[in-house]
Amino acid sequence: QVQLVESGGGLVQPGGSLRLSCAASGSIWSIYLMAWYRQAPGKQRELVASIMGSGTTNYADSVKGRLTISRNNASNTGYLQMSSLKPEDTAVYYCNAHISEQSGRQELYWGQGTQVTVSS
């Protein structure tokens with residue numbers, strides 16, 4: 001069984017910064033892809049950023065230059081450094097990972113989400 005647990009959300013003023021973490025635990029063999037999605041009230045969930053095991057990254061146009069995704073393969077932890085935050089970044093942020101388990105099973109896992117609110 002694999003679990004993803006996010007942390008680091010909260011309330012921040014416009015222009016501020018937050019760092020989200022996503023810790024994967026369980027019978028993990030390897031993590032191919034880690035990604036962050038977000039869902040604002042009344043909107044569809046959207047991809048924010050993703051990172052491959054090789055370190056290759058991809059970002060939504062709306063966050064380029066402001067958000068940075070990274071990962072620590074040794075600890076199976078992903079991060080989303082958020083800077084120059086705007087009110088429109090307000091959403092529940094979800095961690096997502098494509099994981100190969102020690103049993104050989106491959107599965108896509110989601111975290112429970114963490115709220116980010118950007119407001120003065």
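See the structure printed just above.
For clarity, every value in this text was computed on a predicted model and none was experimentally measured.

(A) Representation of the side chain of Arg 66. You can see Arg 66 is positioned in the loop between strand E6 (57-59) and strand E7 (67-72). With a relative accessible area of 11%, Arg 66 lands in the buried category. Among residues more than four places away in sequence, those in contact with Arg 66 are Gln 81, Met 82, Ser 83, Ser 84, Leu 85, Lys 86 and Asp 89.

(B) Highlighting the sheet that holds E7. Strands sit in the order E1-E3-E8-E7 across an open sheet of 4 strands; the sheet is antiparallel. Only two strands of the sheet have a single neighbouring strand rather than two, namely strand E1 (2-7) and E7. Each neighbouring strand pair of the sheet contributes to a mean axis angle of 15°, computed without reference to strand direction. Here strand E3 (residues 18-26) runs beside strand E8 (residues 77-82); their pairing, made up of 6 bridges, is antiparallel. Directly across from Ser 21, in E8, lies its bridge partner Tyr 79.

Here is what the cut-offs are and how they apply
- Residues numbered from 1 in each chain as written.
- Predicted model: local features only at pLDDT ≥ 70, side-chain atom pairs only at ≥ 80, totals over all residues.
- Heavy atoms only, no water.
- Helix = DSSP H or I, 4+ residues; strand = E, 2+ residues; numbered from the N terminus.
- Buried < 20%, exposed > 50% of the residue type's maximum accessible area, 1.4 Å probe, protein only.
- Contact = heavy atoms within 4.5 Å.
- Pairing = 2+ DSSP bridges.
- Axes fitted to C-alpha atoms, helices over the stretch in contact; angles between N-to-C directions.

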